[in-house]
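Summary of the model geometry
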Amino acid sequence: MRCRGSRSEVRDQKSEVKNQKLEVRNHAAMSTSEKLQTRCVIVGGGPAGMMAGYLFARAGVPVAVLEKHADFNRDFRGDTIHPSTLELMYELGLLDEFLKQPHQEVRELRGVINGRTVPIADFTQLPTHSKFIAFMPQWDFLNFLSGHAKRFPAFQLLMQTEVIDLLIKNERVNGVRAKTPRGELEVRADLVIGADGRHSTIHTRAGFRLCEFGAPIDALWMRISKKSDDPEQSFGFFQHGKLLVLLDRGDYWQCGFVIPKGGFDEIKARGLPQFQNEIVSFAGFLRDRVTELDDWSKIKLLTVQINRLREWCREGLLCIGDSAHAMSPAGGVGINLAIQDAVATANLLAEKLRSGPVTVSDLRKVQARREWPTRLIQSMQVFIHQRVVTGQASGSDDSLPFVLRLLKWFPILRQVPARFIGLGPRPELFRSPTVG
Ligand SMILES: Cc1cc2nc3c(=O)[nH]c(=O)nc-3n(C[C@H](O)[C@H](O)[C@H](O)COP(=O)(O)OP(=O)(O)OC[C@H]3O[C@@H](n4cnc5c(N)ncnc54)[C@H](O)[C@@H]3O)c2cc1C
């Protein structure tokens, strides 16, 4: 484990603060204004930020979500909506409408391991209304959530607004500075929430210490077209420590190929035909179209990280989601965890924030609540990296690892990974207040 960052870096940033009186603007005036004051500003419109924004606005807390991109249409983000999130949608009265959006429902996860199909997780016995994982493009999920959040007068979403710095006065964070197409914008708030993902500007500018747990893998992502008679897939193929994940996106497969960390250059040096053959060795039915991958620009490298902040908060600032703890794709639980952080944040802070600022000890309660599930999941991810994905446990023969044999022999055991993936440890129930 490696940790970096220190409090002394933070003090240097105090000089950034301008002691000027802020104008309070209403929502409509904001787009032309250089200054905005609100109760809570959330940096990042990913799953954590958008859910927190929705829940705060629903509770009547004035909130602005700042997102650096112009839209949510980015590929190769996780597309898994877990039963716990679907249950939250149910509690919010949004489930029926949500499930009208195009999606696939996966009730059981199966992997093809060294050529043998192994059932891994059975979601059908979960104590939730939706007993499946919904695969839905993340942009549809975020558009849905932001569309509903906009119905609350307390909510505003500013796209193309990239936060570049924190505003700090007397060691207290009291806002952010952002770049927009119209120029710079200062947003002052009683609470800043960093939900800006694993390359977080917020946690860096706050000087938070980050502990890295190392991830021995990276992932290559690409698209290959899908045919109507392709075999159904519900997870991926493991083969002697290598892994190909295929996600059904309607007319194409989103393929994730796990490689050793830093190994992309070596793969490129071996050439595209060799890479195409390797894909086919996992999923033979792709043989007739693997040549669609005819240029390396069609294959995107996504580096995998596992890390966690020592402190998730300081006066005026809280980090949640990947900004507080970057997750590996292993187990497909990062989105779930990010959303659970958002629910806990709203549960613990919304009531108080509605009437004024929250203290750092209020913010620490969020970390205290969410750190334990995060540690547990990250430990599992490190284990999966070491023992399953990189093949230390799979050996070179075709035998199944013992745990997987147990899952094959005793169906009831498949409920354990189903709970872990589908609900996560310490699932949050929606408790924040509601207005309107
Ligand atoms: C290759 C890969 C595949 C994955 N697959 C899955 C999966 O299938 N299922 C799963 O559950 N998890 C998966 N994960 C993990 C998952 O993507 C994350 O855990 C999850 O997205 C975290 O959500 P978040 O809202 O905290 O952060 P993000 O989803 O990273 O969202 C952060 C948002 O902040 C915005 N932003 C960043 N900086 C700024 C700034 N300075 N100003 C304004 N906005 C900013 C970004 O544009 C983004 O919209 C995967 C991870 C990787 C690396």
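Before any of the text, the structure's been laid out above.
The text that follows walks through the structure, step by step, so that each part is easy to find. (Residues numbered from 1 in each chain as written. Predicted model: local features only at pLDDT ≥ 70, side-chain atom pairs only at ≥ 80, totals over all residues. Heavy atoms only, no water.)

1. Side note on the site of the ligand
Inspection of the region around the ligand gives 34 residues, with A48, E67, T80, D322 and I335 positioned closest. Between H69 and the ligand, the recorded distance is 3.0 Å, taken from a side-chain N or O atom to an oxygen atom. Here T201 contributes a side-chain N or O atom positioned 3.5 Å from a nitrogen atom of the ligand. In isolation the ligand offers 1000 Å² of accessible surface; the protein chains occlude 92% of this area. Sorting elements by how many residues they give to the shell around the ligand places helix α9 (residues 334–355) first, with 3 residues. Of the residues contributing to the shell around the ligand, the split by class is 13 nonpolar, 13 polar and 8 charged. (Near = heavy atom within 4 Å. Polar contact = N/O pair within 3.5 Å; in protein donor to acceptor, adjacent residues only side chain to side chain. Areas by Shrake-Rupley, 256 points an atom, 1.4 Å probe, with all protein chains shown as cover. Helix = DSSP H or I, 4+ residues; strand = E, 2+ residues; numbered from the N terminus. Nonpolar A, V, L, I, M, F, W, Y, C, P; charged D, E, K, R; others polar.)

2. Here's the deal with the sheet that holds strand β4 (residues 80–81)
In spatial order, the strands read β4-β8-β5; together these 3 strands make up an open sheet with antiparallel pairing. At either end of the open sheet lies a strand with only one pairing partner, and these are β4 and β5 (104–106). Looking at chain direction, β5 and strand β8 (residues 133–135) are connected through 3 bridges and run antiparallel. Opposite Q104, over in β8, you have F135 as the bridge partner. (Pairing = 2+ DSSP bridges.)

3. Quick notes on unusual backbone geometry
Backbone geometry at N170 places phi at a positive 50 degrees, although glycine is not the residue there. By the secondary structure assignment, N170 is in the loop between β10 (162–169) and β11 (172–180). Despite not being glycine, E171 has its phi angle at roughly 70 degrees, a positive value. Here E171 is to be found in the loop between β10 and β11. A residue is classified by how much of its surface remains accessible, and E171, at 31% relative accessible area, is partly exposed. (Buried < 20%, exposed > 50% of the residue type's maximum accessible area, 1.4 Å probe, protein only.)

4. Here we look at the pairing of strand β2 (residues 35–43)
Every regular strand shows the same layout, with side chains that alternate between the two sheet faces. Here β2 lies mainly inside the structure; 8 of its 9 residues are buried. Strand direction decides the pairing type here: β2 and strand β12 (residues 183–194), joined by 8 bridges, are parallel. When the sheet's bridge partners are listed, V41 is paired in β12 with V192. Bridge analysis of β2 against strand β3 (residues 63–66) gives 4 bridges, and the strand direction is parallel. The residue of β3 that forms the bridge with C40 is V63.

5. Brief notes about the pattern of salt bridges
Should the charged atoms of two oppositely charged side chains come close, the side chains can pair. Applying the stated rule across the entire model yields 25 salt bridges. The residue R188 makes a salt bridge to E186 at a minimum N-O spacing of 3.3 Å. Here R188 falls in the buried class, since its relative accessible area comes to 7%. Judged by relative accessible area, which is 7%, E186 ranks as buried. Each of D165, R177, E184 and R205 takes part in salt bridges that share partners, so that together they form one network. (Salt bridge = Lys/Arg side-chain N within 4 Å of Asp/Glu carboxyl O.)

6. What to know about the packing of helix α3 (residues 83–91) against α9
Across the interface, α3 lies against α9 with an axial gap of 9 Å and an inter-helix angle of 40 degrees. Residue-level inspection shows S84, T85 and L88 of α3 in contact with α9, the latter providing N336, I339, Q340 and V343. Tallied by class, the residues present in the contact of α3 with α9 amount to 3 nonpolar, 4 polar and no charged. (Axes fitted to C-alpha atoms, helices over the stretch in contact; angles between N-to-C directions. Contact = heavy atoms within 4.5 Å.)

7. Here's the deal with the sheet that holds strand β17 (residues 252–260)
Within the open sheet, the 7 strands sit side by side as β7-β6-β15-β16-β17-β14-β18. Their pairing is mixed. Among the strands making up the open sheet, the edge pair consists of β7 (116–122) and β18 (300–303). Within this sheet the neighbouring strands show an average axis-to-axis angle of 25 degrees, counted without direction. As defined by bridge partners, strand β15 (residues 236–239) adjoins strand β16 (residues 242–248) across 4 bridges and the pair is classed as antiparallel. Bridge pairing links G236 to V245 in β16. Strands β14 (217–225), β15, β16 and β17 of the sheet are contacted by helix α8 (residues 272–282), whose axis makes an angle of about 75 degrees with β16. Helix α11 (residues 402–409) contacts β6 (108–113) and β7 of the sheet and is inclined by roughly 75 degrees relative to β7.

On their own, these measurements won't tell you what the molecule is for.
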